[in-house]
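Coordinate analysis (summary)
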Amino acid sequence: MRFLLLAAALLAGSAAAQGARVPADAVDAFHAALRNKDTAGALSLLDRGLVVFEFGTVDATVEAYAFRHLPLDMDLAVAARWTLETRRVGGEGNERWVLSTYRVTGKQADGTAIDQMTLETAILRRSGGLFRIVHLHWSTSDAAFQARAQGQRSQEPAR
């Protein structure tokens, strides 16, 4: 059943990826989908071979990310403002990378203030003329946030 829901979200969200012809646009569209709690839109920007390294945890498949950490990332995106500070784009051909730093500010659900620098590495692959994210790696300068994120993610049941 979960696989069917994921497949439906991937297909339904493909329209959201229409503007992802430039690597940085795919990354920005992914962040916009997170802010809008648009699961289908976010998934449409992710390659089927996705691997996510996030605050010391690993989601080895797009399905693992979709069912475990995507909802938490959406909650954070809604609770905090991500201001792009720096960005570098590179690579060639069908393989590209986007390195971004963000100032992330806001409040977590428990009222804890968020004020940190978050580093993001995105690797993208072009397929059918569109770039999709095949790898994301996030880390932060805030050790307390990192510890809370690791604790929250490690307490979740594996699916």
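Refer to the structure printed above.
Reference entry: report on the structure contained in this document. From a predicted model like this one, the values you see are computed outputs, not experimental measurements. (Residues numbered from 1 in each chain as written. Predicted model: local features only at pLDDT ≥ 70, side-chain atom pairs only at ≥ 80, totals over all residues. Heavy atoms only, no water.)

**Some details on the sheet that holds strand β4 (residues 95-107)**
Heads up, the rule is: Between any two strands, pairing holds if DSSP finds at least two bridges. Strands are runs of DSSP state E lasting at least two residues, helices are runs of H or I lasting at least four, and both sets are numbered from the N terminus onward. In this analysis, axes come from line fits to C-alpha atoms, helices being fitted only over the stretch in contact, and the angle between any two N-to-C directions falls in the range 0 to 180 degrees. Contacts: residue pairs with any heavy atoms within 4.5 Å of one another.
Strand order in this open sheet of 6 strands is β2-β1-β6-β5-β4-β3, and the pairing throughout is mixed. The open sheet has two edge strands, β2 (57-59) and β3 (80-92), and neither has a second partner. Recorded for the sheet is a direction-independent mean angle of 15° between the axes of neighbouring strands. As paired elements, β3 and β4 share 12 bridges and run antiparallel to each other. Following the sheet pairing, threonine 86 is matched in β4 by threonine 101. Contacts from helix α2 (residues 23-35) reach β1 (46-54), β3, β4, β5 (113-127) and β6 (130-140) within the one sheet, and its direction differs from that of β6 by about 65°. Sheet contacts for helix α4 (residues 62-79): β1, β2, β3, β4, β5 and β6; angle to β1, the most-contacted strand, approximately 60°.

**Structural notes on the pairing of β4**
In this antiparallel pair of consecutive strands, β3 and β4, the connection spans 2 residues, and glycine 93 shows a positive phi of 60°. When β4 meets β5, the two strands line up antiparallel, connected through 13 bridges. Following the sheet pairing, threonine 105 is matched in β5 by aspartate 115. Here β4 folds back onto β5 in antiparallel fashion, the turn holding 5 residues, of which glycine 111 has a positive phi close to 90°.

**Some words on the pairing of β1**
Inspection of the sheet shows β1 paired to β6 by 5 bridges, in the parallel sense. Each residue of the ladder has a partner; that of valine 51, found in β6, is histidine 135. Inspection of the sheet shows β1 paired to β2 by 3 bridges, in the antiparallel sense. Of the residues in β2, the one forming a bridge with glutamate 54 is threonine 57. Hairpin geometry of β1 and β2 is characterised by an intervening segment of 2 residues between the two adjacent antiparallel strands and by a positive phi of about 50° at phenylalanine 55.

**Concerning the pattern of salt bridges**
Note the threshold: Salt bridges are defined as contacts in which a side-chain nitrogen from Lys or Arg sits within 4 Å of a carboxyl oxygen from Asp or Glu. Think of it in three bands: residues with accessible area under 20% of the maximum for their type are buried, residues over 50% are exposed, and the middle band is partly exposed, with areas taken using a 1.4 Å probe on protein chains only.
Going through the model one piece at a time under the given rule, you end up with 7 salt bridges. As a salt-bridge pair, arginine 48 and glutamate 63 come within 2.6 Å of each other at their nearest N and O atoms. With arginine 48 in strand β1 and glutamate 63 in helix α4, the pair connects residues that are 15 residues apart, well separated along the chain. A residue is classified by how much of its surface remains accessible, and arginine 48, at 46% relative accessible area, is partly exposed. Exposure remark for glutamate 63: the relative accessible area of 22% places this residue in the partly exposed category. Close ionic contact of aspartate 59 with arginine 68 constitutes a salt bridge, the shortest N to O distance being 3.6 Å.

**What to know about α2**
Cut-off, in case you're wondering: What a helix is expected to span follows from its residue count: subtract one and scale by 1.5 Å.
If you check α2, its first and last C-alpha atoms are 19 Å apart, about what 13 residues at 1.5 Å a residue would give, namely 18 Å. Of the residues making up α2, those classed as buried are Pro23, Ala24, Ala26, Val27, Phe30, His31, Ala33 and Leu34. Directly beyond the C-terminal end of α2, a positive phi value near 55° is found at lysine 37.

**Focus: empty space enclosed by the protein**
Note the cut-off: A cavity here means a set of 1 Å grid points, computed over protein atoms only, where a 1.4 Å probe fits but cannot escape. A pocket is an open set with protein on both sides within 12 Å along at least 5 of 7 lines, and lining residues have an atom within 4 Å of a point. Grid points are joined across faces, edges and corners, and a volume is the space filled by probe spheres set on the points. Residues are sorted three ways: Asp, Glu, Lys and Arg are charged, Ala, Val, Leu, Ile, Met, Phe, Trp, Tyr, Cys and Pro are nonpolar, and all the rest, Gly among them, are polar.
For the structure on display, the rule yields 1 cavity of 30 Å³ or more. Of the pockets and cavities examined, the largest cavity occupies roughly 90 Å³. What lines the largest cavity is His31, Leu34, Arg35, Glu54, Phe55, Asp73, Leu76, Ala77, Trp82 and Trp138. Split into classes, the residues belonging to the lining of the largest cavity amount to 6 nonpolar, 1 polar and 3 charged.

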